[in-house]
Amino acid sequence: MEQLLQQIEAVKAEIAASVATTPSEVEQYRIKYLGTKGLVKQIMGEMKNVPNEQKKEFGQILNAFKILAEDKLVELQAAFEQGDEASSNIDFTLPGDAVPVGTRHPLNLVRNQMVSIFKRLGFAVAEGPEVEDDWHNFGAMNLPLDHPARDMQDTFYVQEGTETESAWLLRTHTSSVQARVMETQKPPIRVICPGRVYRNETISARAHCFFHQVEGLYIDENVSFADLKQTLYFFVQEMFGKEVKVRFRPSYFPFTEPSAEMDISCQICSGKGCNICKHTGWVEILGSGMVHPKVLENFGIDPEKYTGFAFGMGVERIAQLKYQVNDLRLYSQNDLRFLQQFKSV
Ligand code: PHE
């Protein structure tokens, strides 16, 4: 009997120390202790050799032993049912749940690309306020108060001007930033001014009350119209590829003389004619010209010594030609179905 009791104690210790790191190890445990040929059955079988007067006491010991073995089985199984990470068999090669991440706005993608092209030409980036005084947006740019060209850009006024106080407005172009640069820096000046601008227009597929510009300014000795053309030609080739064609048309801006608008061959139909280019094969992308001597004088820059060129273009238009977006409103509606298409760009 002594021997049997010792064997029970040994098996109990073994059971207590049992661990399983996979479901199949749990099964091995079950077979070893609780299977039809398992140790519990074997030891229970010894009951027949126990003398009658000890059967009651022994019966209790064996019962407790059996319950211990069964409880351990339940404990080992539970680890897997609860998905206990330390001991379960999670398949770590399964792909995880995707966490949705934001994407860059198409206008930012295009703006960044534009900025990086001009940076390679040595242009620095300048930024300024969106709420401007009359002088930086208009006056300094050779648009005095009564100038009819102010009507070219329907302005949102924040505060009307009085005899003694300037009007405040939402800038209508980032030329206002160029004004601020000329105010604080001496030539040579070579900057681009990316930013949001506002004009009082009815919102439609083709017009919006705000849009984005990249304007540029280069002032130094001997800067010529040829430099302007070459700079802009380089820009469109980098932006759209070597195949792109350009043409300059004479134009008018109060702050440049002479002035020109630049068209490029339509990137949508390759010049064959479509809705975007109104079947001309050409699309206007920017205004430009040689900085008007009056503008230079406004900032104490000697027009006899220095010359410069300036240009300004809309980011939306460049993005339209790059991505064939034909409704300006899409850029500000924040429809994820639209925005998510720019993931991989
Ligand atoms: N400021 C002009 C506009 O907003 C663009 C421009 C900039 C034209 C510089 C010529 C020179 O339309």
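Report follows, based on the coordinates.

Cut-offs and rules
- Residues numbered from 1 in each chain as written.
- Predicted model: local features only at pLDDT ≥ 70, side-chain atom pairs only at ≥ 80, totals over all residues.
- Heavy atoms only, no water.
- Pairing = 2+ DSSP bridges.
- Helix = DSSP H or I, 4+ residues; strand = E, 2+ residues; numbered from the N terminus.
- Axes fitted to C-alpha atoms, helices over the stretch in contact; angles between N-to-C directions.
- Contact = heavy atoms within 4.5 Å.
- Near = heavy atom within 4 Å.
- Polar contact = N/O pair within 3.5 Å; in protein donor to acceptor, adjacent residues only side chain to side chain.
- Areas by Shrake-Rupley, 256 points an atom, 1.4 Å probe, with all protein chains shown as cover.
- Nonpolar A, V, L, I, M, F, W, Y, C, P; charged D, E, K, R; others polar.
- Parallel < 35°, antiparallel > 145°, perpendicular 65-115°, else oblique.
- Expected span 1.5 Å × (residues − 1).
- Buried < 20%, exposed > 50% of the residue type's maximum accessible area, 1.4 Å probe, protein only.
- Phe/Tyr/Trp six-rings, centres within 6.5 Å; stacked < 30°, edge-to-face > 60°.
- Lys NZ or Arg CZ within 6 Å of the ring centre and 35° of its normal.

### With respect to the sheet that holds strand S3 (residues 157–159)
Spatial strand order, S2-S4-S3: 3 strands in an open sheet with antiparallel pairing. Edge positions in the open sheet fall to strand S2 (131–133) and S3, since each of these has one partner strand only. The sheet shows a mean angle of 35° between the axes of neighbouring strands, direction not considered. As paired elements, S2 and strand S4 (residues 168–170) share 3 bridges and run antiparallel to each other. Its bridge partner lying in S4, Val 131 is registered against Leu 170.

### Observations regarding the side chain of Gln 320
Inspection of the secondary structure puts Gln 320 in helix H10 (residues 315–323). Apart from residues no more than four positions distant in its own chain, Gln 320 is found in contact with Ile 268, Ile 276, Val 325, Asn 326 and Tyr 331.

### Quick notes on the environment of Val 19
Its place among the elements puts Val 19 in the loop between helix H1 (2–16) and helix H2 (23–34). Separated by 269 residues in sequence, Val 19 and Ser 288 place their C-alpha atoms 80 Å apart. Leave out the neighbours within four places in its chain, and Val 19 touches Glu 25 and Leu 76.

### Observations concerning the site of the ligand
Around the ligand there are 14 residues in total, and His 173, Ser 175, Arg 199, Gln 213 and Glu 215 lie nearest to it. Contact between the ligand and Gln 213: an oxygen atom at 2.9 Å from a side-chain N or O atom of the residue. Within the side chain of Glu 215, a nitrogen or oxygen atom sits 2.7 Å from a nitrogen atom of the ligand. Against a free-state accessible area of 330 Å², the protein chains account for coverage of 92% of the ligand. Listing elements by their share of the shell around the ligand, those giving two or more residues are strand S6 (210–220), strand S9 (282–291) and strand S10 (307–314). It is S10 that provides the largest number of residues to the shell around the ligand, a total of 3 residues. When its residues are assigned to classes, the shell around the ligand shows 4 nonpolar, 8 polar and 2 charged.

### Structural notes on the packing of helix H8 (residues 225–240) against H10
One can describe the packing of H8 onto H10 by two numbers: an axis separation of 11 Å at closest approach and a directional angle of 40°. As the angle between them shows, H8 and H10 are arranged oblique. Together, Phe 235, Met 239 and Phe 240 of H8 and Ile 318, Leu 321 and Lys 322 of H10 make up the contact between the two elements. Tallied by class, residues from the contact of H8 with H10 come to 5 nonpolar, no polar and 1 charged.

### Examining H8
Compared with the 22 Å implied by 1.5 Å per residue over 16 residues, the 22 Å span of H8 between its first and last C-alpha is a close match. Those residues of H8 that fall on the buried side of the exposure criterion are Leu 228, Thr 231, Leu 232, Phe 235, Val 236, Gln 237, Met 239 and Phe 240. Those residues of H8 hidden inside the fold are in contact with helix H5 (106–120), strand S7 (246–253), strand S8 (256–265), S9, S10 and H10. Two or three places before Ala 226, at the start of H8, stands the capping residue Ser 224, its side-chain oxygen 3.2 Å from that residue's backbone nitrogen. Once H8 finishes, Gly 241 follows within two positions and takes phi at roughly 105°, a positive value.

### Observations concerning the packing of aromatic side chains
Scanning the entire structure with this criterion turns up 15 aromatic pairs. Relative to Phe 255, the ring of Phe 253 has its centre 5.8 Å away and its plane inclined at 20°; by these criteria the two rings are stacked. An aromatic cluster of at least three residues, connected via ring pairs, comprises Phe 118, Phe 123, Tyr 218, Phe 235, Phe 309 and Phe 311. Between the NZ or CZ atom of Arg 196 and the centre of the ring of Phe 210, over which it lies, the distance is 4.4 Å.

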